[in-house]
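What follows is the residue order along each chain.
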Amino acid sequence: DPFTMAGVWASGFGTTSEFGGRVVRGYPEDGCEDLSNHAEVRGNVALLVRGTCTFVDKARRAAAAGATALIVADNTAGPVVKMAGGD
């Protein structure tokens, strides 16, 4: 299945996390509000697009919906933006 992925992510903080599942588009697509399709996102990898909110906000909303990981698609013209954020 080309839309399924799994792995182990190692952070720079000495921790690891497992992720996996199907890649599922979140709604709203920019993740700037709570995801309305949390039942589909739960246990899967959330796919969101850039928008007006921060990457941290997107990650928090994906995690709150039960996503195991987050992919943010660059849907705008121009240079790729480096994702950054703080807690």
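My aim in this report is to walk through the structure given alongside it, one point at a time. (Residues numbered from 1 in each chain as written. Predicted model: local features only at pLDDT ≥ 70, side-chain atom pairs only at ≥ 80, totals over all residues. Heavy atoms only, no water.)

Description of the pairing of strand β4 (residues 69-73)
To be explicit about the condition: For two strands to pair, DSSP has to find at least two bridges joining them. Where helices and strands are cited, they refer to DSSP runs of H or I of at least four residues and of E of at least two residues respectively, numbered from the N terminus. When the strands point away from the viewer, a crossover counts as right-handed if the path from the first strand over the helix to the second runs clockwise.
Both strand β3 (residues 45-49) and β4 contribute to a ladder of 5 bridges, which runs parallel. Bridge pairing in β4 links valine 49 to alanine 73. Following the chain from β3 across helix α2 (residues 55-64) to the adjacent parallel β4, one finds a crossover that is right-handed.

Digging into the pattern of salt bridges
For the record, the criterion: Whenever Lys or Arg places a side-chain nitrogen within 4 Å of a carboxyl oxygen from Asp or Glu, that contact is recorded as a salt bridge. In this scheme, a residue with accessible area under 20% of its type's maximum is buried, one over 50% is exposed, and one in between is partly exposed, where area comes from a 1.4 Å probe on protein chains only.
In the structure shown here, the tally under the stated rule is 3 salt bridges. Measuring nitrogen to oxygen at the nearest pair gives 3.1 Å for the salt bridge that ties arginine 25 to glutamate 29. Given the relative accessible area of 34%, glutamate 29 is considered partly exposed. A salt bridge links arginine 50 to aspartate 74; its shortest N-O distance comes to 2.8 Å. Remark: aspartate 74 occurs in the segment after β4 and arginine 50 occurs in the loop between β3 and α2; sequence separation between them is 24 residues. Taking the relative accessible area as the measure of exposure, arginine 50 reaches 24% and is therefore partly exposed.

This is a description of form; function is not addressed.
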